[in-house]
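# Overview (structure and organization)
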Amino acid sequence: TQMYYDEESMMNSLSIPLQKRILQQIYAKSLKKVELFQTITNSGFLSEIMMRLKSEFAQPYQLICKEGDVANSMYMIRKGVAAAFNGKNVTDVQSALLLSSGQAFDEIGLLADNVLRTASVVSLDWCDLGYLTKQDFATVVSYYPKQRKLLEEYVLSPSLCVLGHVPCQNKLSSNFNVLRVDF
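The following paragraphs examine the structure supplied in this document. (Residues numbered from 1 in each chain as written. Predicted model: local features only at pLDDT ≥ 70, side-chain atom pairs only at ≥ 80, totals over all residues. Heavy atoms only, no water.)

Moving on, we come to the packing of helix α3 (residues 43–52) against helix α5 (residues 134–143). It is at 10 Å that the axes of α3 and α5 come closest, and there the two elements cross at 155 degrees. Classed by the angle they form, the pair α3 and α5 counts as roughly antiparallel. As for the relative orientation of α3 and α5, their crossing is right-handed in sense. In contact with F45, E48, I49 and R52 of α3, α5 contributes D136, F137, T139, V140 and V141. Along the lines of polarity and charge, the residues of the contact of α3 with α5 split into five nonpolar, one polar and three charged. (Axes fitted to C-alpha atoms, helices over the stretch in contact; angles between N-to-C directions. Helix = DSSP H or I, 4+ residues; strand = E, 2+ residues; numbered from the N terminus. Parallel < 35°, antiparallel > 145°, perpendicular 65-115°, else oblique. Left-handed = near helix turned anticlockwise from the far one by under 90°. Contact = heavy atoms within 4.5 Å. Nonpolar A, V, L, I, M, F, W, Y, C, P; charged D, E, K, R; others polar.)

Moving on, we get to the layout of surface pockets. Empty space among the atoms becomes visible once a probe the size of a water molecule is rolled across them. The volume enclosed by the largest pocket comes to roughly 380 Å³. Among the elements of the structure, α1 (7–12), α2 (16–33), α3 and β1 (54–58) are those that each provide at least two residues to the lining of the largest pocket. Partitioned by chemical class, the residues of the lining of the largest pocket number five nonpolar, three polar and eight charged. The calculated volume of the second largest pocket comes to roughly 200 Å³. (1 Å grid on protein atoms, 1.4 Å probe; cavity = no way out; pocket = protein on both sides within 12 Å on 5 of 7 lines; lining within 4 Å. Points joined across faces, edges and corners; volume = space filled by probe spheres on them.)

Let us now look at unusual backbone geometry. For Y61, which is not glycine, the phi dihedral falls at a positive 65 degrees. Positionally, Y61 belongs in the loop between β1 and β2 (63–65). The phi torsion at N114 lies on the positive side, around 55 degrees, for a residue other than glycine. Mapped onto the fold, N114 is located in the loop between α4 (108–111) and β7 (120–123).

A full pass over the atoms with the stated rule returns three aromatic pairs. Plain terms: the ring middles of F45 and Y144 are 5.4 Å apart, the flat faces sit at 75 degrees to each other, and that makes the pair edge-to-face. Of the two residues, F45 is situated in helix α3 and Y144 in the loop between α5 and α6 (145–155); the sequence distance between them amounts to 99 residues. You can call F45 buried: its relative accessible area is 0%. Each ring, one from Y75 and one from Y131, has its centre 5.9 Å from the other, and the planes form 35 degrees; the classification is tilted. Taken together, the residues span a long stretch of sequence, with Y75 in strand β3 (residues 73–79) and Y131 in strand β8 (residues 127–133) at a distance of 56 residues. (Phe/Tyr/Trp six-rings, centres within 6.5 Å; stacked < 30°, edge-to-face > 60°. Buried < 20%, exposed > 50% of the residue type's maximum accessible area, 1.4 Å probe, protein only.)

Next comes the structure, spelled out in structure tokens:
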């Protein structure tokens, strides 16, 4: 017999302190690696972000997001490897930016309105993702205006190079690999 469960209803049946402890175990390690949140020291803010992250799984070669779509959520890779590339289909890939555990993409979509994705992202193996919607993010930052200002300064930084709203190699040379990928 196969059993299915609804993660959201299961979590909502638990007390808030227990929810926070479980979600911290699931997301804290990966969230700390996301450069966007590394300047944030307010543990209450980070805890609220974790409370609103949702899980998603992608199978190998599944398109996670498509170039030209509105960026209305941020994705964080907990486990697995994905590739950001220019084009709308996996067959369009000529070169790609590899993304792995602790890296995020589409962060700008949380802070700006009607931003179109400038790249597509495809999973290269099984990916365990966390995603945060613009609406959930707006709820959290409404209570934490200082953290919103820090995040806006980061995203609008002139030194930030963006490919699909992912910091490029000149910003994080040790964390990103650019290479040709054959599909």
